[in-house]
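Remarks on the overall topology
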Amino acid sequence: MEVLSFKNVSKNYCNKGEPLKVLKNIEFSLLEGEIIAITGPSGSGKTTILNLISGLLQPTIGEIENMFQKDHLFEWRTVYDNILLGLEIKKMLTKENLEKVDRMLDVYGLKDFKDNYPHELSGGMRQRVALIRTLAVNPTILLLDEPFAALDYQTKLKVCDDMYKIIKSEKKATIIVTHDITEAISIADKVIVLSPRPAEIKKIYQINLTIDGERTPFKSRSANEFKDYFNEIWQELNNNV
Ligand code: ADP
Ligand code: MG
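Everything quoted here is computed from the prediction, not taken from an experiment.

Oppositely charged side chains may form a pair once their charged atoms are brought near each other. Per the stated rule, a full pass over the model turns up twelve salt bridges. A salt bridge links Arg77 to Glu88; its shortest N-O distance comes to 3.3 Å. Of this pair, Arg77 sits in the loop between β4 (64-67) and α2 (79-89) while Glu88 sits in helix α2, and the two are eleven residues apart along the sequence. Overlapping salt bridges bring together Arg128, Lys158 and Asp162 as one network.

So, on to the site of ligand 1. Around ligand 1 lies a shell formed by Tyr13, Leu20, Val22, Pro41, Ser42, Gly43, Ser44, Gly45, Lys46, Thr47, Thr48 and Arg197. The separation between an oxygen atom of ligand 1 and a polar main-chain atom of Ser44 is 3.3 Å. For ligand 1, the protein covers 62% of the area, taking 560 Å² as the surface of the free molecule. The set of elements that each furnish at least two residues to the shell around ligand 1 consists of β2 (18-31) and α1 (46-56).

Our next topic: the packing of aromatic side chains. Under the defined criterion, the tally for this structure stands at three aromatic pairs. Residues Phe74 and Trp76 carry aromatic rings whose centres are separated by 5.1 Å and whose planes lie at 55° to one another, so their mutual orientation is tilted. Taking 6.0 Å as the distance between ring centres and 15° as the angle between the ring planes, the aromatic pair formed by Phe230 and Trp234 counts as stacked. Residue Phe230 and its partner Trp234 are both found in helix α8 (residues 226-238); the two are separated by four residues, about one turn of the helix. One cation-aromatic arrangement involves Lys114 over Tyr80; the distance from NZ or CZ to the ring centre is 4.5 Å.

Quick notes on the rules
Numbering of residues starts from 1 in every chain and runs along the sequence as written. In the order they appear in the text, chains get letters beginning with A and ligands get numbers beginning with 1. Local features are withheld for residues below a pLDDT of 70 in this predicted model, meaning they are given only at 70 or higher, and side-chain atom pairs are given and counted only at 80 or more; totals for whole chains, interfaces and linings count all residues. Side-chain measures were taken over the full set of non-hydrogen atoms in the model, leaving aside hydrogen atoms and water. Note on definitions: salt bridges are taken to be side-chain nitrogens of Lys or Arg within 4 Å of carboxyl oxygens of Asp or Glu. Put simply, DSSP H or I for four residues or longer makes a helix, DSSP E for two residues or longer makes a strand, and each gets a number counted from the N terminus. The rule for a residue being near a molecule or strand is that one of its heavy atoms must lie within 4 Å of it. Polar contacts here mean pairs of N or O atoms no more than 3.5 Å apart (in protein, one a potential hydrogen donor and the other a potential acceptor; neighbouring residues in sequence count only if both atoms are side-chain atoms). Every accessible area reported is derived by Shrake-Rupley at a probe size of 1.4 Å, with residue values counting cover from the shown protein chains alone. Within 6.5 Å between ring centres, the rings of Phe, Tyr and Trp (the latter by its six-membered ring) count as paired, and their orientation is classed by plane angle as stacked under 30 degrees, edge-to-face over 60, tilted in between. Criterion for a charge above a ring: Lys NZ or Arg CZ within 6 Å of the ring centre, and within 35 degrees of the ring normal.

Below, the structure written as C-alpha cells:
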C-alpha cells in the first residue's frame with residue numbers, strides 16, 4: 001500500500017522577484033514500511049521535498065511528522081518530559097500512549113535514563129530520545145533530514161544501526177535525506193538520485209543486497225552488491241548532462 005505519492009511535482013521559489021526553479025516533475029511513491037533515501041547535490045532541493053511532504057502537499061493518507069537534523073531536545077526538561085512533549089502538544093496523553101512510551105523506553109535502552117537531562121546523554125542516546133518522541137505520536141511517515149550529519153564516523157555507524165532497528169521494528173515508512181551515498185545504500189530499500197537544481201529524478205535504485213540473517217546498515221556495507229550500487233550512483237551523480 002502506498003502511504004505517499006508524488007505525481008509530477010514541481011516547485012519554484014521566488015528569489016528577488018525572479019522564479020527559482022527547484023524541483024521538476026518529481027514522481028515517486030513510498031510504500032508501507034519502506035525506507036526511501038533521497039540523495040543529490042547540495043542545494044538540489046532535498047529539504048524542499050521534505051518540506052512539501054510535511055506542509056504544502058497532501059499525503060495520500062494520514063498524518064506526517066518531521067524530525068530534523070538536530071535533535072531539538074529541551075535541555076531543561078528530562079528525557080521523559082522531552083518524549084512526552086509531542087503527545088502534550090497534540091493532546092494525545094492517553095494511558096495507551098503513555099504505555100507505548102514506557103515500552104519504547106524499555107526496548108531502546110533508555111528506561112534508566114528517563115529522569116536524566118539531555119546533556120547527560122551520549123549523542124546516540126539523544127537521537128533515540130528524539131526518535132521515540134516522534135514515534136510516540138504515531139506519524140504515518142517518518143521524515144529524516146540528514147539525521148547523522150552532526151556525528152563522527154564511528155558514532156554515525158552505531159546510531160544508524162540503532163535507528164534502523166527501531167524504524168523497522170515499528171514498521172514506519174521513512175524518507176531519509178542524505179548526501180552520503182554509502183549511508184543511503186546501507187539503510188534504504190530504494191535510493192532516489194536527484195540531479196542538480198532544478199532537481200529531476202535521475203534514477204531510482206531498488207536496493208537488493210545479499211545478507212546473512214537480518215539486515216542492518218552495518219551488514220549492508222559488506223554485502224557483495226554494495227560496491228556496484230556505490231559506483232553506479234556515484235557515476236549518476238557526477239554525470240550531469
Ligand atoms: P538541499 O536540501 O538539497 O541542500 P534545499 O531544498 O534546501 O536544498 O534548497 C534548494 C534550493 O532552493 C537552494 O538553491 C536554496 O538556496 C533554495 N531555497 C530553499 N529555500 C528557499 C526559500 N524559502 N526561498 C528561496 N529559495 C530557497
Ligand atoms: Mg537540505
